[in-house]
Amino acid sequence: SKIEKPKPLKCGTFGATSLQQRYLATGDFGGNLNIWNLEAPEIPVYSVKGHKEIINSIDGVGGLGIGEGAPEIVTGSRDGTVKVWDPRQKDTPVANMEPVQGESKRDCWTVAFGNAYNQEERVVCAGYDNGDIKLFDLKTMSLRWETNIKNGVCSLEFDRKDVNMNKLVATSLEGKFHVFDMRTQHPTKGFASVSEKAQKSTIWQVRHLPQNRDVFMTSGGAGSVHLWKYEYPAQRSKKDSEGAEMGVAGSVSLLQNVTLSTQPISSLDWSPDKKGLCVCGAFDQTVRVLIVTKLNKV
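Everything quoted here is computed from the prediction, not taken from an experiment.

S.K.: Can you walk me through the pairing of strand β2 (residues 24-28) in this structure?
M.R.: Consecutive residues of a regular strand have side chains that alternate between opposite faces of the sheet. Counting buried positions over the five residues of β2 gives five, a clear majority of the element. Alternating residues of β2 divide into Leu24, Thr26 and Asp28 and Ala25 and Gly27, and every residue in both groups is buried. Relative to β2, strand β1 (residues 9-13) runs antiparallel, the two being bridged by four bridges. The residue of β2 that forms the bridge with Gly12 is Thr26. In textbook terms, the turn of a hairpin is the stretch between consecutive antiparallel strands, and for β2 and strand β3 (residues 32-36) this stretch comprises three residues, one of which, Gly31, has a positive phi near 85°.

Below, the structure written as structure tokens:
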């Protein structure tokens, strides 16, 4: 079926809904967050003017059996704010991360939930147009860590949302991605990371294989997808000269890559049920379904 809405939609997620309900949460060009019952899509079941400008990115957790705790939606906008919403609470976000007084607002391009392994713990990671990455702890309502990858952050994803933070991949505007080991946070150095130059063009998206979180796929501006494997180091942490624990980054190897289009592959997702089944959308207005084989051998 085809459903048309007056405002163009920028992003959507099923992440904060049950498998039975399958409500779709969307962010639009007018800054509105809407939740739709696809069986009766005329009027949204939840609607809020969430942001002053376009909502670039959205993520959900606590639904679909993924992540403990409340069903929540996070939105990141061009207006520089990142907001967390509980659909059971009308009109006001449960958390609002905005630039501190005097700090210029940056366009937030991507948001992701993580660390939702029990009822209390939860983090939101946000990436911005100037290369900033900020990790907000929703349990303590504080900024837990920040770094800068020197280039616009296009996509962020934890290898799994429902485990103790393990790895985070950040992709960027100029073909590089970074894998952060999120298990050990050093008091001054933060998290250890390894970076890889995948191609010359933008890496639009990263998605981890649900059945094996050490395998992930990136999609690029040159119309290609790349399949990667992360290898852990012999020891994931070591002590520095002061005796503080610091993380040790592993390495990344390319398993496979294929060019599918002359246009950028801008969106990508894996099937949670069928290992290796994935879908991607491109600027050539084509949706492609792919199957990746031999994943049990990596």
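S.K.: Would you mind going over the sheet that holds β3 with me for this structure?
M.R.: Neighbouring strands of a sheet are bound in pairs by backbone hydrogen bonds; such pairs are parallel or else antiparallel. Here four strands make up an open sheet; going across it, the order is β1-β2-β3-β4 and the pairing antiparallel. Unpaired on one side and paired on the other, β1 and β4 (46-49) mark the two borders of the sheet. If you compare each strand with its neighbour and ignore which way they point, the axes differ by 20° on average. Bridge analysis of β3 against β4 gives four bridges, and the strand direction is antiparallel. Residue Ile35 lies in a different strand from β4, and its bridge partner there is Tyr46.

S.K.: For this particular structure, what's the right way to read the packing of aromatic side chains?
M.R.: For any pair of aromatic rings, the description rests on two quantities: the centre-to-centre distance and the angle between the ring planes. Counting across every chain of the model gives six aromatic pairs. Note on Trp145 and Phe191: the rings are 4.9 Å apart at their centroids and 85° apart in plane angle, and the pair reads as edge-to-face. Linking Trp145 in strand β12 (residues 142-148) with Phe191 in the loop between β15 (176-181) and β16 (193-197), this pair joins segments that are 46 residues apart in sequence. Geometrically, the ring pair formed by Phe177 and Phe216 is edge-to-face, given 5.5 Å between the ring centres and 85° between the ring planes. Within this pair, whereas Phe177 is found in strand β15, its partner Phe216 is found in strand β18 (residues 212-220), the two being separated by 39 residues in sequence. For the pair formed by Phe177 and Phe216, the shared burial category is buried. Taken together through their ring pairs, the aromatic side chains of Trp145, Phe180 and Phe191 make up a single cluster. For Lys90, the ring lying beneath its charged end belongs to Tyr46, and the centroid distance is 4.9 Å. Between Arg122 and the ring centre of Phe113, over which it is positioned, the NZ or CZ distance is 5.7 Å.

S.K.: Quick question: what am I supposed to make of the layout of surface pockets here?
M.R.: Any empty space left between atoms is shown by rolling a water-sized probe over those atoms. Considering only enclosed or pocket space, the second largest pocket measures out at about 370 Å³ in volume. Around the second largest pocket, the lining is made up of 21 residues, and of these Met97, Glu98, Pro99, Lys134 and Phe136 lie nearest the centre. The element best represented in the lining of the second largest pocket is strand β11 (residues 132-137), accounting for four residues. Here the lining of the second largest pocket is composed, by residue class, of nine nonpolar, four polar and eight charged.

S.K.: Please clarify how the side chain of Thr17 should be interpreted in this entry.
M.R.: Positionally, Thr17 belongs in the loop between β1 and β2. The residues touching Thr17, leaving out its near neighbours within four places in the chain, are Arg22, Tyr23, Gly63 and Leu64.

S.K.: I tried to follow the side chain of Thr75 on my own but got confused; where do I start?
M.R.: Along the chain, the position of Thr75 falls in strand β6 (residues 72-77). The contacts of Thr75, once residues within four sequence positions are left out, are Leu33, His51, Ile55, Ser57, Ile58, Thr81, Val82, Lys83, Trp85 and Val111.

S.K.: Is there a simple way to explain the nonpolar core in this structure?
M.R.: Core analysis: the biggest nonpolar cluster contains 16 residues, and Ile133, Leu135, Phe180 and Met182 have the highest contact counts within it. Contributing elements (two or more residues each) for this core: β10 (123-128), β11, β13 (153-158) and β14 (167-172). Beyond its immediate stretch of four places on either side in the chain, Ile133 contacts Cys125, Ala126, Trp145, Glu146, Thr147, Ile149, Val153, Leu156, Ala170 and Phe180. Counting residues in each nonpolar core, the second largest holds 15 residues, with Val82, Val84, Ala116 and Ala126 among its members.

S.K.: Could you clarify how one ought to interpret the pattern of salt bridges in this entry?
M.R.: Close approach of charged atoms allows side chains with opposite charge to pair. All told, the structure shown has 18 salt bridges when counted by the stated rule. A salt bridge links Glu72 to Arg122; the nearest nitrogen and oxygen atoms lie 2.8 Å apart. Linking Glu72 in strand β6 with Arg122 in the loop between β9 (108-114) and β10, this pair joins segments that are 50 residues apart in sequence. A relative accessible area of 12% places Glu72 in the buried class. By relative accessible area, Arg122 is classed as buried at 6%. A salt bridge links Lys139 to Glu121; its shortest N-O distance comes to 3.1 Å.

Reading the values: the criteria
Residues numbered from 1 in each chain as written. Predicted model: local features only at pLDDT ≥ 70, side-chain atom pairs only at ≥ 80, totals over all residues. Heavy atoms only, no water. Buried < 20%, exposed > 50% of the residue type's maximum accessible area, 1.4 Å probe, protein only. Helix = DSSP H or I, 4+ residues; strand = E, 2+ residues; numbered from the N terminus. Pairing = 2+ DSSP bridges. Axes fitted to C-alpha atoms, helices over the stretch in contact; angles between N-to-C directions. Phe/Tyr/Trp six-rings, centres within 6.5 Å; stacked < 30°, edge-to-face > 60°. Lys NZ or Arg CZ within 6 Å of the ring centre and 35° of its normal. 1 Å grid on protein atoms, 1.4 Å probe; cavity = no way out; pocket = protein on both sides within 12 Å on 5 of 7 lines; lining within 4 Å. Points joined across faces, edges and corners; volume = space filled by probe spheres on them. Nonpolar A, V, L, I, M, F, W, Y, C, P; charged D, E, K, R; others polar. Contact = heavy atoms within 4.5 Å. Core = buried A, V, L, I, M, F, W, Y, C linked by side-chain atoms within 4.5 Å. Salt bridge = Lys/Arg side-chain N within 4 Å of Asp/Glu carboxyl O.

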